[in-house]
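Observations on the three-dimensional arrangement
Below, each chain spelled out in residue letters.
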Amino acid sequence: MKIIMTSLLLFLFAFGIGAAVHAQGIEWETLNDEATSLYKQGHYDRAVVVAKKALAVAEEAVGRDHPAVATSLNNLALLYKTQGQYAQAEPLYRRSLAIYEKALGPNHPAVATSLNNLAEIYHTQGQYAQAEPLYRRSLAIREKALGPNHPDVAISLENMAALFRKTGREKEAEVLEKRAADIRAIKR
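Residues numbered from 1 in each chain as written. Predicted model: local features only at pLDDT ≥ 70, side-chain atom pairs only at ≥ 80, totals over all residues. Heavy atoms only, no water.

Our next topic: the overall build of the chain. A count of helical and extended segments in the chain gives 9 helices and 0 strands. Element order for the chain, N to C, with α for helix and β for strand: α-α-α-α-α-α-α-α-α. Put simply, the chain has 188 residues, and 43% of those count as buried. A separation threshold of at least 6 residues defines the contact pool for the chain, and within that pool the share at least 24 residues apart is 59%. On the chain, roughly 9500 Å² of surface is accessible, and the fraction owed to carbon and sulfur atoms is 57%. (Helix = DSSP H or I, 4+ residues; strand = E, 2+ residues; numbered from the N terminus. Buried < 20%, exposed > 50% of the residue type's maximum accessible area, 1.4 Å probe, protein only. Contact = heavy atoms within 4.5 Å. Areas by Shrake-Rupley, 256 points an atom, 1.4 Å probe, with all protein chains shown as cover.)

This part is about helix 4 (residues 67-82). Taking 1.5 Å per residue as the helical rise, helix 4 with its 16 residues ought to reach 22 Å, and the 22 Å between its terminal C-alpha atoms agrees with that figure. Along helix 4, 13 of the 16 residues are buried, which leaves the element largely enclosed by surrounding structure. Phi turns positive one or two residues past the end of helix 4, at Gly84, with a value near 75 degrees. (Expected span 1.5 Å × (residues − 1).)

Right, let's talk about helix 6 (residues 109-124) for a bit. Since one α-helical turn is 3.6 residues long, residues separated by three or four positions face the same way. Given a rise of 1.5 Å per residue, 16 residues ought to cover 22 Å, and the 22 Å separating the end C-alpha atoms of helix 6 matches this to within 8%. With 13 of 16 residues buried, helix 6 lies mostly within the body of the structure.

Here we come to the packing of aromatic side chains. Counting across every chain of the model gives 1 aromatic pair. Considering the side-chain rings of Tyr39 and Tyr44, the 5.8 Å spacing of their centres and the 50 degrees angle between planes classify their relative orientation as tilted. (Phe/Tyr/Trp six-rings, centres within 6.5 Å; stacked < 30°, edge-to-face > 60°.)

Further remarks concern the environment of Ala77. Take Ala77: it is sitting in helix 4. Look at Ala77 and you get buried, because its relative accessible area is 0%. With 19 residues separating them along the chain, Ala77 and Ser96 place their C-alpha atoms 9.2 Å apart. Excluding residues within four positions of it along the chain, Ala77 makes contact with Ala89, Leu92 and Tyr93.

Take the nonpolar core next. Core analysis: the biggest nonpolar cluster contains 52 residues, and Val69, Leu76 and Leu157 have the highest contact counts within it. Of all the elements in the fold, those that place two or more residues in this core are helix 2 (19-40), helix 3 (44-62), helix 4, helix 5 (86-104), helix 6, helix 7 (128-146), helix 8 (151-166) and helix 9 (170-185). The leading source of residues in this core is helix 3, at 10 residues. Non-local contacts of Val69, meaning those with residues more than four positions away in its chain, are made with Leu55, Ala58, Glu59, Val62, Gly63, Arg64, Arg95 and Ile99. (Core = buried A, V, L, I, M, F, W, Y, C linked by side-chain atoms within 4.5 Å.)

A side chain with one charge can pair with a side chain of the opposite charge if their charged atoms come near. Tallying each qualifying case throughout the model produces 12 salt bridges. Put simply, Arg95 and Glu59 hold a salt bridge, and the shortest N to O gap is 2.8 Å. Of this pair, Arg95 sits in helix 5 while Glu59 sits in helix 3; the two residues are 36 residues apart in sequence, bridging distant segments of the chain. Owing to a relative accessible area of 23%, Arg95 belongs among the partly exposed residues under this scheme. The salt bridge partner of Glu132 is Arg169, with a shortest N-O separation of 2.7 Å. Here Glu132 is found in helix 7, whereas its partner Arg169 is found in the loop between helix 8 and helix 9, with 37 residues between them in sequence. The exposure class assigned to Arg169 is partly exposed, which follows from its relative accessible area of 22%. When salt bridges that share partners are traced, they join Glu59, Arg64 and Arg95 into one network. (Salt bridge = Lys/Arg side-chain N within 4 Å of Asp/Glu carboxyl O.)

Here we come to the packing of helix 7 against helix 8. Running from N to C, helix 7 and helix 8 point in directions that differ by 160 degrees, and their axes come no closer than 9 Å. Looking at the two axes, helix 7 sits roughly antiparallel to helix 8. Where helix 7 crosses over helix 8, the two elements pack in a sense that is left-handed. Contact with helix 7, carried on its side by Tyr128, Ala131, Glu132, Tyr135, Arg136, Ser138, Leu139, Arg142, Glu143 and Leu146, involves Asp152, Val153, Ile155, Ser156, Leu157, Asn159, Met160, Leu163, Phe164 and Lys166 of helix 8 and no other residues of that element. Among the residues making up the contact of helix 7 with helix 8, the classes are represented as 11 nonpolar, 3 polar and 6 charged. (Axes fitted to C-alpha atoms, helices over the stretch in contact; angles between N-to-C directions. Parallel < 35°, antiparallel > 145°, perpendicular 65-115°, else oblique. Left-handed = near helix turned anticlockwise from the far one by under 90°. Nonpolar A, V, L, I, M, F, W, Y, C, P; charged D, E, K, R; others polar.)

Next comes the structure, spelled out in structure tokens:
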């Protein structure tokens, strides 16, 4: 649910952003940690407040089109999705996806995660025709960027298999589930 802070700091310093942003980066990390803790405890309303503050800090520190903002949007969207507030979550996931695609390129693993998250919103609501192409694209990106046996590929396979089961495609689901199980069985 959060980006590793050292990656964020390296990204910030690579673009010559100064000490004030570093301090805001630490505040952003602290807020994300707090939101994560509240989420794990089931205190979703409070976590939303903290996640909104993390989003504001990120936007102020690095601008509206930075991957840190996309991460904050994703975190806030997850909180809304968890509470069944899909109408609030969907535009946040869409904005997160757009930022990642622009900042990191269309084939980055973060894009795959955003695609998967958006697909989950549609899947949960029974909008399978909207979810499937997002799952497929997420899987393709993960396979190319991470390799065919990466655990994130297994996640994409399992999500697509669940969708296939919901839409009566049992044989296709079984194939994907078998492949996901094989990936998970790999000793790492």
